[in-house]
Amino acid sequence: MTKGKYIRKGVIGDVTGKDLSKIIKICRECKNPKSGLEFDLNKFTKIEKIYLVAKCKQCSREIGRKFFKENKERLTERRFNDFLRTEYKITREEYDSLRAEQGNCCFICHISFGNTRKNINLDHDHKTGKVRGLLCIFCNKALGLFLDNKASLLRAIEYLDK
């Protein structure tokens, strides 16, 4: 590869409308000259310009994997807390207190959740978004199959009593 006019200490200006295959850039991490296609794009919508990021895709992936491996527990907790806040509008403290209030078991069948969050579903009213409680995966699916219809559930109970 020959040095192109775009190489400038690994920094390339606006690449909007340019053929990325003809751009050669040096990766900030591995220091190898690579085609512009091997770099992700960083779009600045306010100024309507597109730039290439400093590290090639391969180096970025390796750095990301290493970071996730080193911080897996913290990132998983953060992702779960964000999920609770955005999907159900509750805090982690509210979730933990609900879990303790239910005795760390499913509200319907009383199967223990143990020390994991796996297979725990936060049941909520789909119309209001209000959280009703924590259910095991089976009870949550059963309610969903009955479309949260009380009359259908009562008929199912009558049927089981036959």
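Up top is the structure these notes are about.
Predicted model only: the values in this text are computed from it and were never measured. (Residues numbered from 1 in each chain as written. Predicted model: local features only at pLDDT ≥ 70, side-chain atom pairs only at ≥ 80, totals over all residues. Heavy atoms only, no water.)

Digging into the pairing of strand β6 (residues 131-136)
Part 1 of the reasoning: Among the six residues that make up β6, five are buried, leaving the element largely enclosed by the rest of the structure.
Part 2 of the reasoning: Judged from the five bridges that link them, strand β5 (residues 120-124) and β6 form a sheet pairing that is antiparallel. Note that in β6 the partner of I120 across the bridge is C136.
Part 3 of the reasoning: Between β5 and β6, which pair antiparallel in sequence order, lie six residues; one of them, G129, sits at a positive phi of approximately 85°. (Buried < 20%, exposed > 50% of the residue type's maximum accessible area, 1.4 Å probe, protein only. Helix = DSSP H or I, 4+ residues; strand = E, 2+ residues; numbered from the N terminus. Pairing = 2+ DSSP bridges.)

Notes on unusual backbone geometry
Part 1 of the reasoning: Residue K31 is not a glycine yet carries a positive backbone phi of 65°.
Part 2 of the reasoning: Of note, K31 is situated in the loop between β1 (24-26) and β2 (33-35).
Part 3 of the reasoning: Even without glycine at this site, D148 takes up a positive phi of about 55°.

Overview of the pattern of salt bridges
Part 1 of the reasoning: Applying the stated criterion across every chain yields a total of five salt bridges.
Part 2 of the reasoning: With a closest N to O distance of 2.8 Å, R85 and D82 form a salt bridge. Note that R85 and D82 are positioned in helix α2 (residues 72-88) at a spacing of three residues, about one turn of the helix.
Part 3 of the reasoning: Relative accessible area serves as the criterion here: at 47%, R85 is assigned to the partly exposed category.
Part 4 of the reasoning: Ionic pairing is found between D96 and R92, a salt bridge with its closest N-O pair at 3.2 Å. With D96 and R92 both in helix α3 (residues 92-101), this residue pair falls four residues apart, about one helical turn.
Part 5 of the reasoning: Shared partners join several salt bridges into a network, and the residues in it are E77, R92 and D96. (Salt bridge = Lys/Arg side-chain N within 4 Å of Asp/Glu carboxyl O.)

Side note on the packing of aromatic side chains
Part 1 of the reasoning: For the structure on display, the rule yields two aromatic pairs.
Part 2 of the reasoning: For the ring pair F83 and Y88, a centre distance of 5.6 Å and an interplane angle of 80° mean the geometry is edge-to-face.
Part 3 of the reasoning: Judged by relative accessible area, F83 falls into the partly exposed class, the value being 38%.
Part 4 of the reasoning: Relative accessible area serves as the criterion here: at 15%, Y88 is assigned to the buried category.
Part 5 of the reasoning: Just above the ring of F39 sits the side chain of K25; from NZ or CZ to the centre is 5.4 Å. (Phe/Tyr/Trp six-rings, centres within 6.5 Å; stacked < 30°, edge-to-face > 60°. Lys NZ or Arg CZ within 6 Å of the ring centre and 35° of its normal.)

Read these as layout, nothing more, since geometry by itself doesn't imply function.
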